[in-house]
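Next come the chains, spelled out residue by residue.
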Amino acid sequence: TGSTRPQRLLRAVQKNATQGDPQSVINAIDHFCRHKEWAMNVGDEKGSILDSVVSEVNPSTALELGTYCGYSTVRIARLLPPGSQLITLEFNPAYAAVAKQVIGWAGLQDKVQLVEGPSGDLIPQMKDLFGVQSFDFVFLDHWKDRYLPDAKLLEECSLLRKGSVLLADNVICPGTPEYLEYIRNSPRYESRYFKSHLEYTKVEDGLEKSVFLG
Ligand SMILES: O=C(NCCc1nnc(-c2ccc3[nH]cnc3c2)[nH]1)c1cc(-c2ccc(F)cc2)cc(O)c1O
Ligand SMILES: [Mg+2]
């Protein structure tokens, strides 16, 4: 049995990145995905937009839906102020195992809680499991047909407050039409589209930033 792509990505991090240096982990993954094997990380171009939104929000509590190999987890966690927490949900145990090691290599394990399971089951448990009152920032990057039900679930569980920011990846490719339709037409959100490209390609993609108005 050969290795998987996430395992080869992890090996590239262990070979080319410096332990405790998040930027070198980000650079090693981007280099691997650009020159060796494409992988569905948010990437460097959309990643810079993610960085600017995270820095602007400066969240105390952040949530990521869809960890994959932990690339965006590292991007977000490296920008968090001391004492803040990033909770990241991953459904696939093989992805979670790789992500845990990537996050550890970056030295960011103390800022990140990686939780395995389906988002639909875990979101209603956030208050009990982690004592979270509400999320200042949510990055949606999991199954594209889960963006809308999970955004509604966050509302229903009162996990959003006035000013909470949702940032959604892949709203063009693979696309999240139902989510876009809802969030752009809802009076409870103020939305803005950041045009970019699908990671490591020239294909159009973008991020949708939506502020919850309460
Ligand atoms: O599917 C994607 N991402 C989702 C992975 C995932 N990783 N974890 C989950 C999960 C799903 C339920 C969950 N419930 C709780 N956690 C969960 C996590 N889903 C994705 C796909 C592409 C892509 C574009 C063009 C192509 F030709 C092929 C592919 C690009 C991207 O940037 C993506 O993010
Ligand atoms: Mg994505």
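Note: the structure precedes this text.
Since this is a predicted model, take the numbers as computed values, not measurements.

Chemist: Please clarify how the side chain of Thr 176 should be interpreted in this entry.
Modeler: Locating Thr 176 in the fold gives a position in the loop between helix 9 (171-175) and helix 10 (177-185). If near-sequence neighbours (up to four positions away) are discounted, Thr 176 is found in contact with Lys 144, Tyr 147, Asn 170 and Val 171.

Chemist: Explain the pairing of strand 3 (residues 112-116) here, please?
Modeler: Successive residues of a regular strand alternate their side chains across the two faces of the sheet. Relative to strand 3, strand 2 (residues 85-90) is paired through five bridges, and the arrangement is parallel. From the neighbouring strand, Glu 90 faces strand 3, where its bridge partner is Glu 116. Handedness of the crossover is the feature at issue here: the chain leaves strand 2, passes through helix 5 (residues 93-105), returns alongside strand 3, and the resulting connection is right-handed.

Chemist: Would you mind going over the packing of helix 1 (residues 5-16) against helix 5 with me for this structure?
Modeler: Helix packing geometry: the angle between the two helix axes and the distance between the axes. Following both chains from N to C, one finds helix 1 and helix 5 inclined at 10°, their axes separated by 10 Å at the closest point. Relative to helix 5, helix 1 is oriented roughly parallel. Judged by residue contacts, Pro 6, Gln 7, Leu 9, Leu 10, Val 13 and Gln 14 of helix 1 engage Tyr 95, Val 98, Gln 101, Val 102 and Trp 105 from helix 5.

Chemist: Before we go on, may I ask you to explain the site of ligand 1 in this structure?
Modeler: As a structural note, the neighbourhood of ligand 1 is formed by 20 residues, with Glu 90, Ser 119, Asp 141, Asn 170 and Glu 199 the closest of them. Contact distances for ligand 1 include 3.4 Å between a nitrogen atom and a backbone N or O atom of Phe 91. Bound to the protein, ligand 1 loses 81% of the 690 Å² it would expose on its own. Of all the secondary-structure elements, those providing two or more residues to the shell around ligand 1 are strand 2 and helix 9. Of the residues that constitute the shell around ligand 1, the class distribution is ten nonpolar, five polar and five charged.

Chemist: Just to check I follow, could you spell out the nonpolar core for this structure?
Modeler: Here is a general trend for soluble globular proteins: nonpolar side chains tend to be buried in one another's company. Among the nonpolar cores identified, the biggest contains 44 residues, and Leu 9, Ile 29 and Phe 137 are the most heavily contacted of them. Sorting the residues of this core by element identifies helix 1, helix 2 (22-35), helix 3 (43-57), helix 4 (71-77), helix 5, strand 3, strand 4 (135-140) and strand 5 (160-168) as the ones contributing at least two each. Not counting residues up to four positions away in its chain, the partners in contact with Ile 29 are Leu 9, Val 13, Asn 41, Tyr 71, Val 102 and Tyr 200. Counting residues in hydrophobic clusters, the runner-up holds 28 residues, among them Leu 63, Tyr 147, Leu 153 and Ile 183.

Cut-offs applied
- Residues numbered from 1 in each chain as written.
- Chains lettered and ligands numbered in written order.
- Predicted model: local features only at pLDDT ≥ 70, side-chain atom pairs only at ≥ 80, totals over all residues.
- Heavy atoms only, no water.
- Helix = DSSP H or I, 4+ residues; strand = E, 2+ residues; numbered from the N terminus.
- Contact = heavy atoms within 4.5 Å.
- Pairing = 2+ DSSP bridges.
- Right-handed = clockwise from strand over helix to strand, strands pointing away.
- Axes fitted to C-alpha atoms, helices over the stretch in contact; angles between N-to-C directions.
- Parallel < 35°, antiparallel > 145°, perpendicular 65-115°, else oblique.
- Near = heavy atom within 4 Å.
- Polar contact = N/O pair within 3.5 Å; in protein donor to acceptor, adjacent residues only side chain to side chain.
- Areas by Shrake-Rupley, 256 points an atom, 1.4 Å probe, with all protein chains shown as cover.
- Nonpolar A, V, L, I, M, F, W, Y, C, P; charged D, E, K, R; others polar.
- Core = buried A, V, L, I, M, F, W, Y, C linked by side-chain atoms within 4.5 Å.
- Buried < 20%, exposed > 50% of the residue type's maximum accessible area, 1.4 Å probe, protein only.

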